[in-house]
Amino acid sequence: MEFFERFAIPHPSPAIYASMVAIGLTVIAIIAGLTYFKKWGYIWREWLTTVDHKRIGIMYLISALLMLFRGGVDAIMMRSQLAVPGNTLLDAQHYNEIFTTHGIVMILFMAMPFIIALMNFVVPLQIGARDVAFPRLNALSFWLFFFAAMLFNISFVVGGSPDAGWTSYFPLAGNEHSPHVGTNYYMIAIQIAGLGTLMTGINFIVTILKMRAPGMTLMKMPMFTWSALITNVIIVFAFPVLTIALAMGTMDRLFGTHFFSIDNGGMDMLWANLFWVWGHPEVYILILPAFGIYSEVISTFARRNLYGYKSMVASMVIISLFSFLVWVHHFFTMGQGAFVNSIFSVTTMAIAVPTGIKIFNWLFTLWKGKIVMTTPMLYSMLFIPIFTIGGVTGVMLGMSAADYQYHNTMFLVAHFHLVIIPGVVFAMLAGLTYWWPKMFGFMLNERIGKWAAWLIAVGTCVAFFPMFISGLDGQARRMYTYSEATGFGFWNMLSFIGAGILAIGFVLIVYNIYYSTRYATRDIGADPWDARTLEWATHSPVPEYNFAITPEVNSSEALWDEKKKGHKLFKGSYQEIHMPSKSGVPFIMSAIFFVFGFAMIFSLWILAIVSLLGIFACLIHRSFEQDHGYHISVKEIEETEAKMGGAKG
Amino acid sequence: MKIDHSQPLEYGTEQNKMNILGFWIFLGAEIMLFGTLFASYFTLENRIGSGPSGADIFEITPIIIETFLLLTSSFTIGLAIHAMRLGRQKAMLTFFGITLVLGLAFLSVEIYEFFHYVHVGAGLQTSAFSAILLTTLGTHGAHVTFGLLWGLGIILQIKKRGLTVETTNKSFIFSLYWHFLDVVWIFIFSFIYLKGLM
């Protein structure tokens, strides 16, 4: 029995046992459902083995929404615990685990897959490509992310969750202070997901550089594609740093090395530095695609071309460079001295300049535009003021001398939520609503969508503005309770109410998806928003080959040119189309990675070696396989195009 | 499949060109990976705890042998690609094989070196310095090991299928990888060994 004891939860509670039962029942329900409806073949053929960028995008999207639910439940539990002074809903250990997993799930398993979902779906369509450069690698990226997310989530019921914060600072995250396997989950699951992200980065850089439609020079790319290109460059240069940091952390925990320990020469601050050398660019990996989405949405619904295209590109390039030069501002108080702090203070505040340029460009795009207030546009309009408040308080935190007052208080928590939520979450919801008809062939209900947008915006403000005040009053972050005498009670109750409003907003979005799936008309045509870029030039939903004829473009708004300036997008006739074939190897290989990760976490060395051999077997199989894809004949294209309601081109 | 005969065979199709570009970008990520290891090495270099320092444990003879072996293998993989472009499959396979044998010899000496370090008391758990030294060398060594398996796979495929659009593409990409490992070794040689011995 000793062998099995390691899998036990170190600190169980009725809630965890209830979740175990819930997870077990869900798994049984899914298996039974698939068997009863005889859908195993369908799932395997159409989804698990697909290499189609659109389907991979949709799978990323579903995973991101599921993880949003998980992270959201964490958030509600935290706000409930803090709603009143001296609350005993959660104890200190559970609170530690919940804020740790909330951070990791929201950043790495919700926001990242959400942006990658939209990039996957939209970028190849926006540049007029058939797929990404390496379709099978794309599938591998997704499945690595997916299994890593599953691995991270089972920590909750097998062995215990990580509890050292999403930053996992050493020596707290070392074996001495975090003896159970939770932090192993952190190190290994993020490592596996990071591999997938790195592959995505390489894949999209090559796709964007090599597969653009004829006539689309770099400076004629739609702004979302530009933001995706720059984001992926940051991914390629930032993620290897995380790879090494996590590898060193893993070795400290599993093999007793002394990288980050406090004895035998180890240096705990090295972890903090490496983590944030990755971590700060990561923030921009999330925000730049969001900026790209806002650029698309604002220009579409202001019925104007984007103001300052070149300065938009230039500011993103500058942001991407600066993102690597500011990491120390995350730990001004940890003893670098005044000189180093001053340098990083200046670089931090300098980033506000290119960001400000972007905000003004959006405002100038609205100027004299014929604004149509759709749901995506509403999110964009709510984003600008709230994000600006979050951003300006960031400049306050960036002043290193003043930071000694704000550091590790709720003021900081208010700041980063007020940039990430309007910056990233609003953008993802705007993008989701905007591209939904292209993905599924019907629109989300506008009325419910706007209600949700307002509730989420109001909820964000009510939840996080009070934290500025309680933070300045001295409420530390990550404290699981406080006494009545502190006077924080009122502000935390307000935050709790705000969190409740946010939750209602998200429930409304789920309801909207249900409602629109049932009742929305399917007769929306290819271009329901009267948009400007190439993805709207093909059918909704998109046929598997994207475009029957490769489009030819001469500006960043090719479809608008066709509609208003008589530009002809599709010239010539149908040709046979070459497509990549399906493969189950990415799924199988990632599943083996899951087993490998699990074995590493629990130090099951034989299983680790066997699964590592399995991973190599998959690599060898791929190397020796001869696969030239398949062709879609002209006849099939004609049939599909006729069925989709008239040929495009 | 359209093959463009104005280009060398490894660049012959659009997919081939994308594969090569993608691999260059991957090497960019690898530079960051090793860059992080070097930055950590320089940070931890003098934090030896109660263990030995670099000057105490580095031995020049195996290091020179390793350097000689790996630099020569970088030359022979260049010759292999040259032969491949001339379409001389047998010469290509010979040089490819010599490259892998040299790589294997390098790896053997490195394994000896690791035994030596552990023997003189610089194991993985001794100090921050010994850990980052063995991790940096080990990461490079793991890359070489992976390269040996990969290269063997390519040799088998060329024997079976000849010099095709795919096998030449793979061989060329492998040569980029192998040259890259050589470049990393030059940094290891200069900034870990020579700096440590001085």
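The rules behind the values
Residues numbered from 1 in each chain as written. Chains lettered and ligands numbered in written order. Predicted model: local features only at pLDDT ≥ 70, side-chain atom pairs only at ≥ 80, totals over all residues. Heavy atoms only, no water. Helix = DSSP H or I, 4+ residues; strand = E, 2+ residues; numbered from the N terminus. Buried < 20%, exposed > 50% of the residue type's maximum accessible area, 1.4 Å probe, protein only. Contact = heavy atoms within 4.5 Å. Areas by Shrake-Rupley, 256 points an atom, 1.4 Å probe, with all protein chains shown as cover. Polar contact = N/O pair within 3.5 Å; in protein donor to acceptor, adjacent residues only side chain to side chain. Buried area = accessible area lost by both parts, 1.4 Å probe. Salt bridge = Lys/Arg side-chain N within 4 Å of Asp/Glu carboxyl O. UniProt positions renumbered as here; feature names shortened; annotations may be inferred. Domains from an automatic or database assignment. Axes fitted to C-alpha atoms, helices over the stretch in contact; angles between N-to-C directions. Parallel < 35°, antiparallel > 145°, perpendicular 65-115°, else oblique. Left-handed = near helix turned anticlockwise from the far one by under 90°. Nonpolar A, V, L, I, M, F, W, Y, C, P; charged D, E, K, R; others polar. Phe/Tyr/Trp six-rings, centres within 6.5 Å; stacked < 30°, edge-to-face > 60°. Core = buried A, V, L, I, M, F, W, Y, C linked by side-chain atoms within 4.5 Å.

**Student:** What is the right way to read the overall build of chain B from this model?
**Tutor:** Of the regular secondary structure elements, chain B holds six helices and zero strands. By principal-axis analysis of the C-alpha atoms, chain B measures approximately 65 × 30 × 25 Å. Residues counted as buried form 54% of the 198 residues belonging to chain B. Sequence-distant contacts in chain B: of pairs separated by 6 or more residues, those separated by 24 or more amount to 80%. Put simply, chain B shows about 8600 Å² of open surface, and 70% of that area lies on carbon and sulfur atoms.

**Student:** Before we go on, may I ask you to explain the environment of Asn 445 of chain A in this structure?
**Tutor:** Residue and element names in this part refer to chain A. Topologically, Asn 445 is positioned in the loop between helix H14 (410-440) and helix H15 (446-472). Of the residues examined, Asn 445 reaches a relative accessible area of 22% and is grouped as partly exposed. Between the C-alpha atoms of Asn 445 and Gly 566, which are 121 residues apart in sequence, the distance is 32 Å. A polar contact is formed between the side chain of Asn 445 and the backbone nitrogen of Arg 447, at a distance of 2.8 Å.

**Student:** Looking at this structure, how should I read the interface of chain A and chain B?
**Tutor:** When the parts come together, some accessible area is lost, and that loss is often what is quoted as the size of the interface. Taken together, the contacts link 34 residues of chain A with 37 residues of chain B. When chain A packs against chain B, the two sides together hide about 3100 Å² of surface, and 72% of this comes from carbon and sulfur. Seen at the junction of chain A and chain B, the total is zero salt bridges. Taken together, the connections running from chain A to chain B amount to 10 residue pairs in polar contact (both at pLDDT 80 or more).

**Student:** Can you walk me through the UniProt feature "domain: Heme-copper oxidase subunit III family profile" (unreviewed entry) in chain B in this structure?
**Tutor:** Here the UniProt-annotated "domain: Heme-copper oxidase subunit III family profile" (unreviewed entry) positions come out as residues 21-197 of chain B. Helix makes up 86% of residues 21-197 of chain B and strand makes up 0%, while its end C-alpha atoms are separated by 38 Å.

**Student:** Quick question: what am I supposed to make of the domain arrangement of chain A here?
**Tutor:** Residues and elements named next belong to chain A. Domain boundaries in chain A define domain 1 (10-48) and domain 2 (49-583 + 627-643). Inter-centroid distance (C-alpha atoms) of domain 1 to domain 2 is 27 Å. Looking at the side of domain 1 facing domain 2, the largest losses of area belong to His 11, Trp 47 and Leu 48, adding up to 44% of the total buried there. Counting across the interface, domain 1 meets domain 2 through one salt bridge. Notably, a salt bridge pairs Glu 46 with Arg 55, separated by 3.0 Å at the nearest N-O pair. Seen at the junction of domain 1 and domain 2, the total is seven residue pairs in polar contact (both at pLDDT 80 or more). Residue assignment for the side of domain 1 that touches domain 2 shows that the elements contributing at least two residues are helix H2 (14-36) and helix H3 (40-48).

**Student:** What exactly am I supposed to notice about the packing of helix H7 (residues 182-210) of chain A against helix H8 (residues 223-255) of chain A here?
**Tutor:** Working note: a packed helix pair is described by the angle between its axes plus the distance between those axes. Residue and element names in this part refer to chain A. Where H7 meets H8, the closest approach of the two axes is 8 Å, and the angle between their N-to-C directions is 155 degrees. One way to sum up the angle between H7 and H8 is to call them roughly antiparallel. Between H7 and H8 lies a crossing whose hand is left-handed. Taken together, the residues of the contact of H7 with H8 break down into 20 nonpolar, 12 polar and one charged.

**Student:** Would you take a moment to explain the packing of aromatic side chains for this structure?
**Tutor:** All names here are of chain A. All told, the structure shown has 81 aromatic pairs over all chains when counted by the stated rule. With a centroid separation of 6.0 Å and 65 degrees between ring planes, the pair formed by Phe 147 and Phe 594 is classed as edge-to-face. Separated by 447 residues along the polypeptide, Phe 147 in helix H6 (residues 135-154) and Phe 594 in helix H18 (residues 585-601) bring together distant segments of the chain. Look at Phe 147 and you get buried, because its relative accessible area is 13%. Of the residues examined, Phe 594 reaches a relative accessible area of 23% and is grouped as partly exposed.

**Student:** It is not clear to me how the nonpolar core should be interpreted in this structure. Could you clarify?
**Tutor:** As a rule of thumb, nonpolar side chains are buried together in soluble globular proteins. Within the largest apolar cluster, 265 residues are counted, with the highest numbers of intra-cluster contacts made by Trp 362 and Phe 426 of chain A together with Phe 58 of chain B. Within the second largest apolar cluster, eight residues are counted, among which are Leu 82, Tyr 95, Tyr 482 and Phe 488 of chain A.

**Student:** How should I be thinking about the UniProt feature "domain: Cytochrome oxidase subunit I profile" (unreviewed entry) in chain A in this particular structure?
**Tutor:** Mapped onto the present numbering, the UniProt feature "domain: Cytochrome oxidase subunit I profile" (unreviewed entry) falls at residues 38-554 of chain A. The span residues 38-554 of chain A is 68% helix and 0% strand, and its two end C-alpha atoms sit 48 Å from each other.

**Student:** How do you make sense of the pattern of salt bridges when you look at a structure like this?
**Tutor:** As a working rule, side chains carrying opposite charge can pair if their charged atoms are close by. Residue and element names in this part refer to chain A. A full pass over the atoms with the stated rule returns 15 salt bridges over all chains. Notably, a salt bridge pairs Asp 561 with Lys 565, separated by 3.5 Å at the nearest N-O pair. Placement of the pair is Asp 561 and Lys 565 together in helix H17 (residues 558-565), with a separation of four residues, close to one helical turn. Because the salt bridges share partners, they merge into one network encompassing Arg 136, Arg 622, Glu 625 and Asp 627.

**Student:** Would you explain unusual backbone geometry in this entry?
**Tutor:** A negative phi holds for most residues other than glycine; trans holds for most peptide bonds. All names here are of chain A. A cis amide bond links Phe 170 to the next residue, Pro 171, at an omega of 5 degrees. Positioned with a positive phi, Arg 303 is a non-glycine residue whose angle comes to about 55 degrees. Note that Arg 303 resides in the loop between helix H9 (268-301) and helix H10 (309-322). Even without a glycine there, the phi angle at Lys 368 is positive, about 65 degrees. Mapped onto the elements of the fold, Lys 368 is located in the loop between helix H11 (338-366) and helix H12 (375-398). Residue class for Lys 368 comes out exposed when judged on its relative accessible area of 75%.

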